[in-house]
Amino acid sequence: MRLPRTALAGAAGAAVLAGSLALTACGGSGSAAGTSAAASPASISVSNAYIPLSATPDMAVAYFDISNTGGSADRLTGVSSPSVQSAALNRSTETSMEQIDGVDVPAHGSTQLARGGTHVMLMGLKPAPKLGQHVQLRLSFQHSGTVTVEATVQPLTYQPSSAPTPASSTK
Ligand SMILES: [Cu+2]
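Because the structure is a prediction, the values reported are computed rather than measured. (Residues numbered from 1 in each chain as written. Predicted model: local features only at pLDDT ≥ 70, side-chain atom pairs only at ≥ 80, totals over all residues. Heavy atoms only, no water.)

Caption draft 1: Region of interest: the overall build of the protein chain. Helix and strand counts for the protein chain come out as 1 helix and 10 strands. Reading the secondary structure of the protein chain in the N-to-C direction produces α-β-β-β-β-β-β-β-β-β-β. Across the 171 residues in the protein chain, those meeting the buried criterion constitute 32%. Long-range contacts, defined here as pairs at least 24 residues apart, represent 70% of the contacts in the protein chain between residues at least 6 apart. (Helix = DSSP H or I, 4+ residues; strand = E, 2+ residues; numbered from the N terminus. Buried < 20%, exposed > 50% of the residue type's maximum accessible area, 1.4 Å probe, protein only. Contact = heavy atoms within 4.5 Å.)

Caption draft 2: Molecular detail of the coordination of the copper ion. Protein-derived coordination of the copper ion comes from N90 (OD1), M97 (SD), H119 (NE2) and M121 (SD), at a distance range of 2.1 to 2.3 Å. Geometry at the copper ion is tetrahedral, judged from its 4 donor atoms and the angles of 97 to 122 degrees they form at the metal. Of note, the copper ion draws all its donor residues from one chain, in the sequence arrangement N-x6-M-x21-H-x1-M. Residue N90 is located in strand 4 (residues 86-92), and its partner M121 is located in strand 8 (residues 118-123); the two are separated by 31 residues in the primary sequence. Each member of the pair, N90 together with M121, is buried. (Donors = N, O, S within 2.8 Å, 3.2 Å for Na, K, Ca; no water. Tetrahedral: all angles 85-135°; square planar, octahedral: opposite > 155°, others 65-115°.)

Caption draft 3: Spatial organisation of the environment of V103. Relative to the elements of secondary structure, V103 occurs in strand 6 (residues 103-105). Take V103: its relative accessible area is 8%, and that puts it in the buried class. Residues V103 and F141, 38 residues apart in the sequence, show an inter-C-alpha distance of 9.3 Å.

Function cannot be read off these values alone, since they describe shape.
Encoded structure:
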C-alpha cells in the first residue's frame, strides 16, 4: 500500500480521457465534407398552351408543355388566372379526376399536361371562352417563380403538334 489513493484515481482518469479523445478523432474526420457541387438551377419554359372550347362555359380545361433545360428539377405548384373564378391542378383518373398539389418537371426534361392526364381545371371563365381567345395563366413553380403564358382557346378536337409522344423527354 505504497501508492496514494489520488495517484490511482488520476491514472484511471487519464485512461478514460485518452479513450474519449480516440473516439472523437475517429468519428470527427470526414463527416464535415458534405457539400456536393451545385447543379445548375432549373430553367423553365412553357409552350403549346391551349384550352379546348368547352361545351359548358363554366368549366374548361387547359393543357400545356413544360420543359426544363436546367440541371435541377422543378415543380409546378399552383395556377391562377385573372379570367377565371378558380383554377386548380387536376389529374384524370379512370372514372373521374382528383386535385393534385403539384407536377414535377425533371432536370433536362419535360412534362406534358395533356388529354387523359394532368390538366388545369378552370372554373367560371369570364367572359365565356370563344375560339381564338387568349386566356392568361400564371403558373407558380417551386424554384423558378411565376411563369405567365397565354393559352389559346381551340376547337374541342384540337391536338397540338407536340402531342403524340407521351415519352418525349429527349427534346
Ligand atoms: Cu379536372
